[in-house]
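# Notes for the structure review
Below are the chains, spelled out letter by letter.
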Amino acid sequence: MKRYAKFTIILICFILMIALLISCEGGGTVNPTQKPESTYAPINREDNPDLYETKGIFLNIDINSVTFPFLNKVQEDGSVTEEDLYPFVDQYVGTQITDIAFNVNTQISVTRSEVLTDVVERYNTKEVNGKTVNFTEALKSMYGIYEIYNIDPYDVWISRTREKGINAWLSIRMNDCHEYDVETSWLHGSIYYEALKNGWTVNGSGTFKNNLDYAVSEVRQTMLDYIREQILRYDVDGLELDFSREMWCFKTNDGKDHLSIMNDFMRQVNSIVEAAETKWGHDIKINLRLMRDIEQTKAFGFDVDTMVSENLLDAITVCPRWASNDSDMPIDEWKARYPSVEIYGGFTDLTYNLGNHLQIATAYAAQFIQQGADKVYLYNTFNNPYAPNPNYTQMYNICGDLDTIVQQGQWYVVTYQDIAPEGYTAWDPLPALAANFKIGITTGPIASSDEVLIFVSFDKEITKEDMKLLVNGKEATFVDGEIANRYYDKNANETHLYCYSISAEYCNNGGEQLIELVPASHKYRVHYLELTVTPKAQ
């Protein structure tokens, strides 16, 4: 970890900020609705070198979606060598991927473990809680590679990743909740059933009701022991604690100081990592994957202010949970508040529960980089080299560099915040009354030659006289007639979709684009909004 010299860096940044404030004359906020046409200018690369640096991509690979099919394939002919496992990593070599995190657990471990139930033990399990079970078909790939061929695939993959110049990470899911409503599952290890028996769960309702309660010392110790076991077994560049699986780590209103408990937990994690650094002879970064909102993250029990001030973190991944990507994650707020750590902006495989097209992936990546993200983080977008998803392959070669991103065009779809702690309202701007509707959409650079379109759906049919649409204060041109519904329009069968165009001249060349609706009456509701940027060549 970069535990040293961080205070000096923070102090220097503070002094520079004060100096900048003193040197500035006048000031004030520019109202984007009053932006004069003459102020349009392309972003100067010389003045913004950080924006145009290749940021790179951090890829998280989970335990089974492509891992099990790959291992089944390599074992088909009855003979496996370590070299047969290389394609699992080699497919990412030469792309913009700089970091790969290998997820090694759900409620069981897919690596061999003396702490958590592991895949080999679960393969051999015949009974759980008095119920006869057979998990052999689900786990045959993992059993075979360990027990028949005596190969540790994670050791091979981690070594191969580092050999190829890509940073290798362990990713540990801190509170996985898969199949919470299933009585017996191969995903459930002994800690799951022990927690149910002893009341060590958060005891809520729905998906997260059986999550482990980190206020329980036995739960914390189990996870610390597992982290220690794994980080001292594998020589990696970083350790990711994935709290987005899941953020619900404490009972609500149990009277306990959740912040202090989690801060102390992170101090113990640091001690474990320091021991691993001594063993392996190099720094090991610590990354936390958290939700999008700083204050809501604190309500979940994560005092990031203290963690950063005590140098307990090197990086934070800001990411939606899963059901939908979030079009308004405040990466810039995280960067401003925690300048001493790296901030990664993450998106998953779904937007409005639909798979991501390349142009929506580039839109999220552009948003993150525009706001200062240090890397673009991909979750659930990994490949089996024997059956690769070509859309994902394109993402690996495009989404980590603003130059390649802007060449593809972007679809900026207004979505929503998928999770929030109890007592908080998740950000979800649509549907809404069209009257007085305003929303800012952060985009990457927009060249003067780009085509910019805005797609918007209403609960009633409209004409151009019924609805004006402004972009940064300039009226967009109504494209006559209702058009076919967009792929991501969640109310496609109930609404009417229209298109407006605006000259790129009136768009900010990177940053917030302010969209306003001006209806002729108050009877309209807007259900869907998307801003697309298409390079002229396309």
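Each remark here, short or long, concerns the structure printed above.
Overview of the structure. Because the structure is predicted, anything quoted here is derived from the model rather than measured. (Residues numbered from 1 in each chain as written. Predicted model: local features only at pLDDT ≥ 70, side-chain atom pairs only at ≥ 80, totals over all residues. Heavy atoms only, no water.)

## Some thoughts on the overall build of the chain
- Assigned secondary structure in the chain consists of 16 helices and 22 strands.
- Overall, the chain is about 70 × 55 × 50 Å in size when its C-alpha atoms are taken along their principal axes.
- Among the 538 residues that make up the chain, the fraction classed as buried is 57%.
- Of the contacts formed within the chain by residues at least 6 apart in sequence, a portion of 80% connects residues at least 24 apart.
- In the form shown here, the chain has an accessible surface area of approximately 22400 Å², with 48% of it arising from carbon and sulfur atoms.
- Charge centroids of the chain, computed over 44 positive and 76 negative side chains, lie 2 Å from each other. (Helix = DSSP H or I, 4+ residues; strand = E, 2+ residues; numbered from the N terminus. Buried < 20%, exposed > 50% of the residue type's maximum accessible area, 1.4 Å probe, protein only. Contact = heavy atoms within 4.5 Å. Areas by Shrake-Rupley, 256 points an atom, 1.4 Å probe, with all protein chains shown as cover. Lys, Arg positive; Asp, Glu negative; His and termini not counted. Charge placed at Lys NZ, Arg CZ, Asp CG, Glu CD.)

## With respect to the pairing of strand 1 (residues 57-61)
- Among the five residues of strand 1, five are classified as buried, and the element is accordingly described as predominantly covered.
- Burial along strand 1 is two-sided: the residues Ile57, Leu59 and Ile61 and Phe58 and Asn60 are all buried.
- Summarising the sheet, strand 1 and strand 2 (residues 97-103) pair through five bridges and their orientation is parallel. By the bridge assignment, Ile61 is partnered in strand 2 with Phe102. (Pairing = 2+ DSSP bridges.)

## Describing the side chain of His188
- Following the sequence through the fold, His188 ends up in the loop between strand 5 (167-173) and helix 8 (190-198).
- Taking relative accessible area as the criterion, His188 reaches 0% and is therefore assigned buried.
- Polar side-chain contacts of His188 include one of 3.0 Å to the backbone oxygen of Glu179.
- In this structure His188 touches Gln107, Ile108, Arg122, His178, Glu179, Tyr180, Val182, Glu183 and Tyr193, once residues within four positions along its chain are discounted. (Polar contact = N/O pair within 3.5 Å; in protein donor to acceptor, adjacent residues only side chain to side chain.)

## A short note on helix 8
- If you check which residues of helix 8 are buried, you get Ile191, Tyr192, Tyr193 and Ala195.
- Structurally, helix 8 contributes buried residues whose contacts are with helix 5 (119-123), strand 3 (127-128) and helix 9 (217-231).
- Directly after helix 8, the chain includes Gly199, whose backbone phi takes a positive value near 75°.

## Remarks on the pattern of salt bridges
- Scanning all chains against the criterion turns up 25 salt bridges.
- Here Glu76 ties to Lys73 by a salt bridge, and the two come within 3.5 Å at their closest N and O atoms.
- Judged by its relative accessible area of 38%, Lys73 is partly exposed.
- Between Asp176 and Arg173 there is a salt bridge; the shortest N-O distance is 3.0 Å.
- Judged by its relative accessible area of 5%, Asp176 falls in the buried class. (Salt bridge = Lys/Arg side-chain N within 4 Å of Asp/Glu carboxyl O.)

## Brief notes about the sheet that holds strand 17 (residues 467-471)
- A sheet is described by the order of its strands in space; here four strands give the open sequence 15-21-17-18, paired in antiparallel fashion. Since the sheet does not close on itself, it has two edges, and those belong to strand 15 (438-443) and strand 18 (474-475), each with one partner.
- Pairing geometry for strand 17 and strand 18, over two bridges, is antiparallel. Paired with Leu470 across the two strands is Glu475, which belongs to strand 18.

## A few points about the state of the cysteines
- In this structure the tally under the stated criterion is zero disulfides.
- Note on Cys249: no disulfide assigned, nearest cysteine sulfur contributed by Cys177 at a separation of 11 Å.
- Residue Cys249 is classed as buried on the basis of its relative accessible area, which comes to 0%.
- Residue Cys499 stays outside any disulfide, its sulfur separated by 13 Å from that of Cys507, the closest cysteine. (Disulfide = S-S within 2.5 Å.)

## A closer look at the pairing of strand 16 (residues 451-458)
- With seven of eight residues buried, strand 16 is to be regarded as a mostly interior element.
- When strand 16 meets strand 20 (residues 496-503), the two strands line up antiparallel, connected through eight bridges. Residue pairing in the sheet places Glu451 in a bridge with Ser503 of strand 20.
- Alignment of strand 16 against strand 22 (residues 525-534), held across eight bridges, turns out to be antiparallel.

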